[in-house]
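Okay, here's what each chain looks like letter by letter:
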Number of protein chains: 2
Amino acid sequence: MNIILLSGGSGKRLWPLSNGIRSKQFIKIFKNSSGQYESMIQRIYRQIIDIYKDAEITITTSKSQVSAIYNQLGSNVNVCVEPCRMDTFPAITLAAAYLYDVKKVPASEAVVVCPVDPYVDSSYFSLLQKLEGLCLMENVNIALMGIEASYPSEKYGYIIPEDNNYISKVKAFKEKPDKETAENYIKNGALWNGGVFAAELGYLLDKAYELEKVRDYKDIYLKYSTFDKRSFDYAVLEKEKDIYVVRFSGEWKDLGTWNTFTEAVHETSIGNATLGRGCDNVHVINELDIPILCMGLQDIVVSASPDGILVSDKEQSSFIKPYVDKMDNIIMFAEKSWGSFKVLDVESESMVIKVTLKHGNRMNYHSHENRDEIWNVIKGQGKVIINDKERVVTTGDIVTIKAGCKHTVIADTELKMIEVQIGKDISVNDKIKFKL
Amino acid sequence: MNIILLSGGSGKRLWPLSNGIRSKQFIKIFKNSSGQYESMIQRIYRQIIDIYKDAEITITTSKSQVSAIYNQLGSNVNVCVEPCRMDTFPAITLAAAYLYDVKKVPASEAVVVCPVDPYVDSSYFSLLQKLEGLCLMENVNIALMGIEASYPSEKYGYIIPEDNNYISKVKAFKEKPDKETAENYIKNGALWNGGVFAAELGYLLDKAYELEKVRDYKDIYLKYSTFDKRSFDYAVLEKEKDIYVVRFSGEWKDLGTWNTFTEAVHETSIGNATLGRGCDNVHVINELDIPILCMGLQDIVVSASPDGILVSDKEQSSFIKPYVDKMDNIIMFAEKSWGSFKVLDVESESMVIKVTLKHGNRMNYHSHENRDEIWNVIKGQGKVIINDKERVVTTGDIVTIKAGCKHTVIADTELKMIEVQIGKDISVNDKIKFKL
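As the structure is a prediction and not an experimental result, all values here were calculated from the model.

The rules behind these values
Residues numbered from 1 in each chain as written. Chains lettered and ligands numbered in written order. Predicted model: local features only at pLDDT ≥ 70, side-chain atom pairs only at ≥ 80, totals over all residues. Heavy atoms only, no water. Helix = DSSP H or I, 4+ residues; strand = E, 2+ residues; numbered from the N terminus. Rg over C-alpha atoms; globule rule 2.2 N^0.38 Å. Buried < 20%, exposed > 50% of the residue type's maximum accessible area, 1.4 Å probe, protein only. Contact = heavy atoms within 4.5 Å. Areas by Shrake-Rupley, 256 points an atom, 1.4 Å probe, with all protein chains shown as cover. Lys, Arg positive; Asp, Glu negative; His and termini not counted. Charge placed at Lys NZ, Arg CZ, Asp CG, Glu CD. Salt bridge = Lys/Arg side-chain N within 4 Å of Asp/Glu carboxyl O. Buried area = accessible area lost by both parts, 1.4 Å probe. Polar contact = N/O pair within 3.5 Å; in protein donor to acceptor, adjacent residues only side chain to side chain. Nonpolar A, V, L, I, M, F, W, Y, C, P; charged D, E, K, R; others polar. Core = buried A, V, L, I, M, F, W, Y, C linked by side-chain atoms within 4.5 Å. Least-squares fit on C-alpha atoms with pLDDT ≥ 70 in both. Patch = residues over 30% accessible without salt bridge, like charges linked within 9 Å, V, L, I, M, F, W, Y side chains within 5 Å. Axes fitted to C-alpha atoms, helices over the stretch in contact; angles between N-to-C directions. Parallel < 35°, antiparallel > 145°, perpendicular 65-115°, else oblique. Left-handed = near helix turned anticlockwise from the far one by under 90°. Phe/Tyr/Trp six-rings, centres within 6.5 Å; stacked < 30°, edge-to-face > 60°. Lys NZ or Arg CZ within 6 Å of the ring centre and 35° of its normal. Pairing = 2+ DSSP bridges. Right-handed = clockwise from strand over helix to strand, strands pointing away.

(A) Quick peek at the overall build of chain A. Summing up its helical and strand segments, chain A has 10 helices and 30 strands in all. Relative to a compact globule of 436 residues, whose C-alpha radius of gyration would be 22 Å, chain A shows 24 Å and is just as compact. Seen through its principal axes, chain A has C-alpha atoms that stretch 70 × 60 × 40 Å. The buried share of chain A, taken over its 436 residues, is 55%. Sequence separation of 24 or more characterises 65% of the internal contacts of chain A that already satisfy a separation of 6 or more. Accessible surface computed for chain A: about 18,900 Å², of which carbon and sulfur atoms make up 46%. Of note, chain A has its 53 positive side-chain charges centred 3 Å away from the centre of its 59 negative side-chain charges.

(B) Looking closely at the pattern of salt bridges. Enumeration over the complete set of coordinates arrives at 48 salt bridges over all chains. A salt bridge links lysine 354 of chain A to aspartate 345 of chain B; its shortest N-O distance comes to 2.9 Å. In this pair, lysine 354 of chain A is assigned in strand β22 (residues 350–357) and aspartate 345 of chain B in strand β21 (residues 339–347), connecting two distinct chains. You'll find lysine 354 of chain A and aspartate 345 of chain B in the same group, each marked buried. Glutamate 347 of chain B is paired through a salt bridge with lysine 354 of chain A; the nearest N and O atoms lie 2.5 Å apart. Residue glutamate 347 of chain B is located in strand β21, and its partner lysine 354 of chain A is located in strand β22; the two belong to separate chains. The exposure classification of glutamate 347 of chain B matches that of lysine 354 of chain A, with both residues buried. Via salt bridges that share partners, Asp345 and Glu347 of chain A together with Lys354 and Lys416 of chain B belong to a single interconnected network.

(C) Molecular detail of the interface of chain A and chain B. Taken residue by residue, the interface counts 50 residues in chain A and 48 residues in chain B. Approximately 4,300 Å² of surface area, both sides summed, lies buried where chain A meets chain B, with 68% of it carried by carbon and sulfur atoms. Taken as a group, Leu293, Met295 and Ile309 of chain A account for 16% of the area that chain A buries against chain B, more than any other trio of residues on that side. Viewed at the interface, chain B and chain A are joined by six salt bridges. Linking lysine 416 of chain A and glutamate 347 of chain B is a salt bridge whose minimum nitrogen-to-oxygen distance equals 2.9 Å. Linking chain A with chain B are 23 residue pairs in polar contact (both at pLDDT 80 or more). Examining the composition of the side of chain A that touches chain B, we find that six residues originate from one element, strand β19 (residues 308–313) of chain A, more than from any other. Looking at side-chain class alone, the side of chain A that touches chain B contains 30 nonpolar, 13 polar and seven charged residues.

(D) Region of the structure containing the nonpolar core. Grouped together as the largest cluster of nonpolar side chains are 46 residues, with contacts concentrated most on Leu5, Leu128 and Met145 of chain B. For this core, the element with the highest residue contribution is helix α4 (residues 122–135) of chain B, accounting for seven residues.

(E) How the structure looks around helix α2 (residues 63–73) of chain B. All names here are of chain B. For α2, the complete set of buried residues consists of Gln65, Val66, Ala68, Ile69, Gln72 and Leu73. In this structure, the buried side of α2 is in contact with α1 (40–51), β4 (56–62) and β5 (78–82). Positioned one or two residues after α2, glycine 74 has a phi angle of 90 degrees, which is positive.

(F) Looking closely at the side chain of glutamate 419 of chain A. All names here are of chain A. With respect to the helices, strands and loops of the structure, glutamate 419 is situated in strand β29 (residues 415–422). Nearest to the buried, unbridged glutamate 419 among oppositely charged side chains is arginine 371, at 5.0 Å. Polar contacts involving the side chain of glutamate 419 include one to the side chain of tryptophan 375, which spans 2.9 Å. Once residues within four sequence positions are removed from consideration, glutamate 419 is found in contact with Met351, Val352, Ile353, Val355, Met363, Glu373, Ile374 and Trp375.

(G) Quick look at the relation of the copies chain A and chain B. The two copies are related by a screw operation: chain A maps onto chain B through 180 degrees of rotation and 0.0 Å of translation along the axis, at an RMSD of 0.1 Å. One copy is carried onto the other by what is essentially a two-fold rotation axis. Minimal C-alpha distance to the rotation axis in chain A is attained by leucine 344 of chain A, lying at 2.9 Å. Taken as a fraction of all interface residues of chain A, those also at the interface in chain B reach 96%, which identifies the copy contact as same-surface.

(H) Focus on a negative patch on the surface. Residues and elements named next belong to chain A. Taken together, the side chains of Glu154, Asp178, Glu180 and Glu183 define an acidic patch exposed on the protein surface. As for its position among the elements, glutamate 154 is in the loop between β8 (142–148) and β9 (157–161). In this structure glutamate 154 comes out as partly exposed when scored by relative accessible area, which is 45%.

(I) Spatial organisation of the packing of α1 of chain B against α2 of chain B. All names here are of chain B. At their nearest, the axes of α1 and α2 sit 10 Å apart, and the two run at 55 degrees to each other. Viewed along their axes, α1 and α2 adopt a mutual orientation that is oblique. Crossing of α1 against α2: the hand is right-handed. Taking contact as the criterion, the partners of Ile41, Gln42 and Tyr45 in α1 are, on α2, Ile69, Gln72 and Leu73. Classifying every residue of the contact of α1 with α2 by side-chain character gives four nonpolar, two polar and no charged.

(J) Structural detail: the packing of aromatic side chains. On inspection of all chains with the given rule, the structure shows 32 aromatic pairs over all chains. An angle of 50 degrees between the planes, with centres 5.7 Å apart, marks the rings of tryptophan 192 of chain B and tryptophan 252 of chain B as tilted. Taken together, the residues span a long stretch of sequence, with tryptophan 192 of chain B in strand β11 (residues 191–200) and tryptophan 252 of chain B in strand β13 (residues 252–254) at a distance of 60 residues. Members of the aromatic cluster, connected to one another through ring pairs, are Phe30, Tyr119, Trp258 and Phe261 of chain A. We note lysine 406 of chain A situated over the ring of phenylalanine 434 of chain A; from NZ or CZ to the ring centre the distance is 5.3 Å. The ring of tyrosine 209 of chain B is capped by arginine 215 of chain B, whose NZ or CZ atom sits 4.8 Å from the centre of that ring.

(K) Summary view of the sheet that holds strand β20 (residues 333–336) of chain A. All names here are of chain A. Strand order in the open sheet formed by six strands is β20-β21-β22-β29-β24-β27, and the pairing between neighbours is antiparallel. Edge strands, defined here as strands with exactly one partner in the open sheet, are β20 and β27 (398–401). Looking at each pair of strands side by side, their axes are set apart by 20 degrees on average, direction ignored. Summarising the sheet, strand β24 (residues 372–379) and β27 pair through four bridges and their orientation is antiparallel. Looking at β27, one finds that isoleucine 374 is bridged to threonine 400.

(L) Here's a closer look at the pairing of β4 of chain B. Residues and elements named next belong to chain B. The buried fraction of β4 is high, at six of seven residues. As defined by bridge partners, strand β1 (residues 2–6) adjoins β4 across five bridges and the pair is classed as parallel. Bridge pairing in β4 places isoleucine 4 opposite threonine 58. Taken together, the five bridges between β4 and β5 define a ladder with parallel strand orientation. Residue threonine 61 lies in a different strand from β5, and its bridge partner there is valine 81. The parallel pair β4 and β5 is bridged by α2, and the resulting crossover is right-handed.

This is the structure in structure tokens:
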């Protein structure tokens, strides 16, 4: 089975756990059967492999997510990198061409497209095979999954089938109706559109040519930024006549808001947290080192990361976006392919950062124009290179780097350093990269 | 007027703003008329001086609070230091002897005793003069303030007067009744005991001799730890026949819990906080650098400091103590007479601290057995002394201090440093002090 997993944008709706560089699908929050925490993308990847051992999975995503994907899924996964952030039609087009040109998948094979962020059980994945078979049948161009609605949501798109059979031709699509309309739709057998469908690879390639006059993977990659930003739903699904829907009635949760997200988390608290007397339906997720104490709360989510602290009524949490947009989103913490960093202190003319390099990794060789840096090695061993001179460093060593000096560090074990930056106009943009 | 202000213990009920070394009376949270934040003790001190310009105010407190008092009230205030933490009878006895022996107050003068932590208006202080006059009258040994109860509290002590006159003889004292009994008391004219009273200095000295066989200030100071731990209420008030109460009907708030504390704070948020849609009767006090966002909360207090984060229903916040008792109370932040410190990072064999020294101040000259330290000066100028050798330091300088080295720093301007501690068994107790 060929599967394209769409790994979407940054998303602020799960602030402060998701931010400009950490998307919600990478938050490790679901305990798997062996007691370890996994992220949405790890969970869905594992669920697919459990059922389809030999599935050819391709993840389409933007550059900024590549290292997180390799960190979490290993460096053997197929990643189709979008040159810039567009919408689902360009992303699917790029991935289809990647499968055809790079992976040499025949145009006659089916491709299943799934988002990475629903929380579902294994029956969801069993259905993928049905979609795959269906889309290859005569007079079928697209086979779509329709999710049986559990309530009249105003947030989702609805699929209106021609009848109430298990498999039905699609009559129409309706976007985000009001509650009353949604109730009516559901009464008449409408289904949620969860963004899961199957089509022949050749069909996807034809659509690419029809709408953007491109066929070749490299060509698509180069022209990517010039494409129209349009969703696959808008560009293709809603215009397609030969489209069928298969009903899905298993567990399906869209983890787009704190409210739905916490429904999928089995523990009431993760991290250093105490739920005191009078707490009911409370979830605490604490990524800070300091304790959180909750008392007398009902239906509340508390989430804390180095970026900030959210305390919200679960239902109200869906209105978070405009508030987060307004904040100065200085990113205080990030996991990278080489390790992680955490901002410890910010003053007008200094900044203190804790840098953790994984064993065998290194920074880019770089310099800064407007700041000196001091590295205090607090754990591990490595080598620093300052203006092309190499030196071994270990716990307790200090490295001073004046503005203008080229510098890097290579971790021979896990290496932790406190980096003290001193200067006027300290900025992440003050960085000149060099080749080593 | 002679006033003894009782500045009580650490108190965990306002965690995380109060902790083992910061008592609630030092939290700067009340905006005064000139728009500046003041603490309870600053507020009450100012209120007394506003009415009684020449009042002789003595603050009795433990050693651990002395620098906070000097920081907040200036170094000219009279502080009577308790050698160890006892109860109100020993504290008042010590202060009375201090007034007589050190301050040479005649035994025939009245002394007014007040706690530092009620939130009151100026009418409260006007009443002190009435108490002062009353206690000097014949057949009166103690003149007590009785606070008109605004609700049948189960937390307070009640004064049962003989009649409902403005001034009345006291018939009995009742401690913490249940709600029904409290309602009955109030119906019959009972008053809350707010711990405010006046007595002749000679009377207080006599009680000291009667109960502990001591008279002299130095003697009391030396024997202090051997005294019985008993409250003044229990030891004296409840046994006194010639005791009168004066009714007080002005604003009086005991700021002992987050619920009552927030009633006295005029702003709904202090620090980096956003109250989003659906918030009602919410208070946020944020001493952290990161933002707090609240949505859809009712009757909630959110309080964050480097020690932790509290999210509580206001009423339920009064049950906080046992939860805080159970926490590992590592103190992550403290204001000291010389400046402040803040823990930025803790690892098993390292710790990072930000140290701020006020202009003209210095650390003790000291050494550590089990850790090396690195000072990264991020702001200001000063002098360090390492093993008796002095050296000037300024922004960007690094000082390495090996275990065993004597060291100190003297701030010639405000001086900020990042101190990186490295070693096994890092502990605040690993400190040997030396004379310079």
